[in-house]
Amino acid sequence: MVYFKIITSAMKNILRAGVILAIIFSYGHTLKGQTKEPVLSGEDRVKMFSKHSQMKKESSYSDLHWQYIGPTNISGRCTDVEAVTPRGDSYTIWIGSATGGVWKSTNEGSTFEPVFDNMPASSIGDIAIDPDNPDLVWVGTGEANIFRSSNAGCGVFKTTDGGKTWQDMGLNNTMTIGRIRIDPKNTDIVYVAATGHEWTANSERGLFKTTDGGKTWEKILHIDDMTGVFDLVLDPRRPKTVYCTTWERMRLKWNDPRTFETTKNCAIWKSTNGGRTWEKIINGLPAPQHLGRIGIDISATDTDILYALVDNYEVAYPAKEGDLDSYGRQKKDIIKGATVYKTLNGGKSWKQVSGMSQEMKRYMERHSSTYGWVFGQIRVDPTDENTVYIMGIPLSQSEDGGKTFKRLRGPHSDHHGLWIDPNNGNYLLNVQDGGLTISYDKGKTWKYPIEELPLAQFYNIEYDMNKPFRVYGSIQDHHSFFSEVDLSRGRDNVRPTEWLRILGAEGSSHAVNKDDNNTVYASAFYGKLGRAEIDKFPAEQERILPTRYPGEETLRGQWVAPTLLSPHNQDIVYHCMQYVMMSRDRGDTWEYISPDLTYNDPDKLGDISYQTISAFDESPLKFGLLYAGTDDGRLWRTKDGGKNWSEIRSEPVPERWVSRITASRYNLGTVYMTQTGRRDDDFQVYVWKSTDFGDTWTDISGNIPVGPVNVIREDPVNENILYVGTDAGVYVSKDGGTNYEVLGDLPYAYVHDLQIHPRDNMIIIATHGRGMWVLDANDINNKNERRRRW
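Residues numbered from 1 in each chain as written. Predicted model: local features only at pLDDT ≥ 70, side-chain atom pairs only at ≥ 80, totals over all residues. Heavy atoms only, no water.

J.: Can you help me understand the overall build of the protein in this one?
T.: Counting secondary structure elements, the protein contains 4 helices and 55 strands. Against the compact-globule benchmark of 28 Å for 790 residues, the protein has a radius of gyration of 26 Å, which places it among compact chains. Looking at the protein as a whole, 63% of its 790 residues qualify as buried. Partitioning the contacts of the protein with sequence separation of at least 6, the portion at a separation of at least 24 is 56%. Just so you have it, the protein exposes about 29,300 Å², and 47% of that area is on carbon and sulfur atoms. Put simply, the protein has 91 plus and 104 minus side-chain charges, and the middle of one group is 2 Å from the middle of the other. (Helix = DSSP H or I, 4+ residues; strand = E, 2+ residues; numbered from the N terminus. Rg over C-alpha atoms; globule rule 2.2 N^0.38 Å. Buried < 20%, exposed > 50% of the residue type's maximum accessible area, 1.4 Å probe, protein only. Contact = heavy atoms within 4.5 Å. Areas by Shrake-Rupley, 256 points an atom, 1.4 Å probe, with all protein chains shown as cover. Lys, Arg positive; Asp, Glu negative; His and termini not counted. Charge placed at Lys NZ, Arg CZ, Asp CG, Glu CD.)

J.: What is the right way to read the nonpolar core from this model?
T.: One broad trend across soluble globular proteins is that nonpolar side chains are buried collectively. One finds I268, W350 and Y371 to be the most contacted residues of the largest nonpolar core, which totals 33 residues. The set of elements that each furnish at least two residues to this core consists of β14 (227–234), β15 (242–248), β18 (291–298) and β19 (306–317). Core analysis: the next-biggest nonpolar cluster, separate from the first, contains 23 residues, M55, Y672, V687 and Y740 among them. (Core = buried A, V, L, I, M, F, W, Y, C linked by side-chain atoms within 4.5 Å.)

J.: Before we go on, may I ask you to explain the packing of aromatic side chains in this structure?
T.: Centre distance and the angle of the planes are the two values used to describe a pair of aromatic rings. Across all of its chains, the model carries 20 aromatic pairs by this definition. Aromatic pair Y574 and F616: ring centres 5.3 Å apart, planes at 50°, arrangement tilted. One end of the pair, Y574, is in strand β38 (residues 569–576); the other, F616, is in strand β41 (residues 613–618), with 42 residues separating them in the sequence. The same class applies to Y574 and to F616, which are both buried. Each ring, one from Y579 and one from Y592, has its centre 5.4 Å from the other, and the planes form 80°; the classification is edge-to-face. (Phe/Tyr/Trp six-rings, centres within 6.5 Å; stacked < 30°, edge-to-face > 60°.)

J.: In this structure, what is going on with the sheet that holds strand β10 (residues 177–182)? I would like to understand it.
T.: The strands making up a sheet associate through backbone hydrogen bonding, with each pair oriented either parallel or antiparallel. Within the open sheet, the 4 strands sit side by side as β10-β11-β12-β13. Their pairing is antiparallel. The outermost strands of the open sheet, each flanked by one partner alone, are β10 and β13 (218–221). The average angle at which neighbouring strand axes cross in this sheet is 25°, direction not considered. (Pairing = 2+ DSSP bridges. Axes fitted to C-alpha atoms, helices over the stretch in contact; angles between N-to-C directions.)

J.: I would appreciate a short explanation of unusual backbone geometry in the present structure.
T.: Trans is the prevailing form of peptide bonds, just as negative phi is the prevailing case for residues other than glycine. Residue K467 is joined to P468 through a cis peptide bond whose omega torsion reads -5°. Positionally, P468 belongs in the loop between β29 (462–463) and β30 (470–475). Residue P538 is bonded to the preceding F537 through a cis peptide linkage, with omega at 5°. Here P538 is to be found in the loop between β35 (529–533) and β36 (542–543). Not every positive phi belongs to a glycine, and D477 is a case in point at roughly 75°. Take D477: it is sitting in the loop between β30 and β31 (479–484). With phi around 75°, H479 is a residue other than glycine that occupies positive phi space. Note that H479 resides in strand β31. Residue classification places H479 among the partly exposed residues on the basis of a relative accessible area of 27%.

J.: Which parts of the structure should I look at to understand the sheet that holds strand β27 (residues 424–432)?
T.: Read across the sheet, 3 strands follow the order β26-β27-β28 without closing on themselves; strand pairing throughout is antiparallel. The open sheet is flanked by β26 (415–421) and β28 (435–439), the only strands paired with a single partner. Each strand axis lies, on average, 20° off the axis of its neighbour in the sheet, ignoring direction. The pairing of β27 with β28 spans 5 bridges and is antiparallel. Among the inter-strand pairings, L428 is bridged to a residue of β28, identified as S439.

J.: Honestly, the side chain of T99 in this entry has me stumped. Any pointers?
T.: For T99, the location among the structural elements is in the loop between β3 (93–97) and β4 (102–105). Those residues in contact with T99 that lie beyond four places of it in its chain are S122, S123, S149, N151, Q457, Y750, H768 and G769.

J.: I'm lost on the pattern of salt bridges in this one. Help?
T.: A side chain of one charge can pair with a side chain of the opposite charge when the charged atoms of the two come close. Counted under the stated rule, the structure contains 36 salt bridges. A salt bridge links E108 to R87, with the shortest nitrogen-to-oxygen separation between them at 2.6 Å. A residue pair is termed long-range when its members are at least 10 positions apart, and E108 in the loop between β4 and β5 (113–114) and R87 in the loop between β2 (78–83) and β3 qualify at 21 residues. As a salt-bridge pair, E198 and R251 come within 3.6 Å of each other at their nearest N and O atoms. Placement of E198 in the loop between β11 (190–194) and β12 (206–210) and of R251 in the loop between β15 and β16 (267–271) is noted, with a sequence separation of 53 residues between them. Overlapping salt bridges bring together K253, R656, D680 and D682 as one network. (Salt bridge = Lys/Arg side-chain N within 4 Å of Asp/Glu carboxyl O.)

J.: Looking at this model, I keep getting lost on helix α2 (residues 42–58). Mind explaining?
T.: Because each turn of an α-helix spans 3.6 residues, side chains separated by three or four positions in sequence point in the same direction. Between its terminal C-alpha atoms α2 stretches 25 Å, which fits the 24 Å expected from 17 residues at 1.5 Å a residue. Packed against the buried residues of α2 are β51 (730–733) and β52 (741–742). (Expected span 1.5 Å × (residues − 1).)

J.: How should the environment of E365 be read in this particular structure?
T.: Along the chain, E365 falls in helix α3 (residues 358–367). When the C-alpha atoms of E365 and G337 are compared, they prove to be 5.1 Å apart, with 28 residues separating the residues in sequence. Here E365 is in contact with A316, Y317, I334, I335 and K336, once residues within four sequence places are set aside.

Here you go:
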């Protein structure tokens, strides 16, 4: 219980700090020497994106073409799927993706087109199709699963022409949307379940309703600033009868969202008058402090029957020493996890129906592993009240009213959406971390679309000097892959390819030896470093992270822990946890060359590896000139290879997660640094430059309108050209960071990494949701040369 008290206390401190920040930054723009004003509102984000769109149209680089290079064999996490009925009259399918926008198919998945590329968010929470007009579609932005790579949205949007154009319908500050429901008898009435900001408390949590098609909204259920509404169903026969679930949750940088000893607001609610009054209906459910995320669905054949999927935090049994979770960490107590409850009387009472046998109990405990908050989806077959589907790591089906479940084999793991044909229970559309799958026989067999949806969520890029050069990256939910970039058909005719597995996990940085183009270093989960020869992988690979002695502090690595080969000697490996480590013999032996560079606050040590080094670089001009930045906002430099470290964060640089450090290839004392406020629900643009080894910093964000910022790089040919990747796209500056333009025709994309191949002069970007792309950097230099001559 002490553990939970510590977390609860830390959460209260965060809330107080948020209030103080709001007070401090409400007085307008900052003065010289003060930290930048954070961007906290959805309305501001919409305005920022509008500026980005205008800059894109006016950019002198707008005719430059980004080329998608794949992977063609890997898709990405999708959050919702809907279809137009009746099937036969229409074969239209709509897909909402976690970070790749909205996609539409009119031929049952044979082909898809993106229809949301020019909107201010590409993270999708839910989609709803008007039952009277299939061209009228609502989209709620902001993935409600709040997984490690989820991103905030900025409201609700509507199209009346099948996705050709969109209207901003407001609710911009909700940030995440769990569900949208349309009244089948009056489609001007729409309900929106807002789950709330991921990282901070906010008042725009709860259930919203419009009666005029989105012109105005009323908040009809609000508990408090830490409790949102996640799921929502309407009685199809009596649509004024509304059921919804509330979820009291906050994601911390060091802890997953879960219940605490003080949790009291997770519940199921019912209204019989369209939301004017509400009744809490929890009779038969676990106590509130044991309730996590709750999914709900209603039977179309008997609307007194509802099912609820509860992330149940009641302890099933203590974990044994050596019981590891999905990421290799020691488990705490084993909770009951996925638990299905059923009501036969419209919610007056609930009864647990799942996990009653020992076999089913163990099956349900494992169904969502240790991260049940990511799932929470349940569906009832509209044609059969006893056929129920629950989503977790597997997609599971019950045909006896929830008593027993079986795994439906075929689709990728980690399931987030299921659409069942209301006229034919055999026809299923399922979305998960692998994209879309379709079944025509109630889940016995599945097929994928003819072409994978291009939704891979990359974290990083590495390249080698092979001919043709190869690129490497880690993909959320799919581990690590690599492929050639073939320029033989022309620099403007690079084709997408299938990618091959390589060393590394879902979140890794890769370092390839540029001398042999064969030795690769990459981490498994949270910095567990390995080494392999590419031509012998996967048969031969080694773990090379040094072992700690008993009593020594456990190593903490970030999800994408920095690994770097020295530009001065490719046998020298740097790897960062909370310490900087260096090996002079390719990882065979190691020395720690820094102290713990984080704050190492014991109140901020939890389930998630935090207080780690998040960015690292070595000067390509001088061996041993190293820079390190941390996820808790600290910034360091050593000029002597780690013997002495100096902390170099100073005003106006705020205490924010350091997303990138780039030591200049042109000037010894010049270093660039970017920060991301995503984990503070701050969308400000933080880009900095120092010309005195980090002793002082200058804001070079210029006119970049959209943050957060993920990466900055120098051009390898022209020292005045800088590239910046943000959560909207790529910006280029030809004057060292004073002014920027949008680079090329890239759709809205979260650009997590950017590299320029030094030999072939191709820009490579890793997007988190739209795969990997390249652009000919010669075109940029040629444009600049033409301008100079003119």
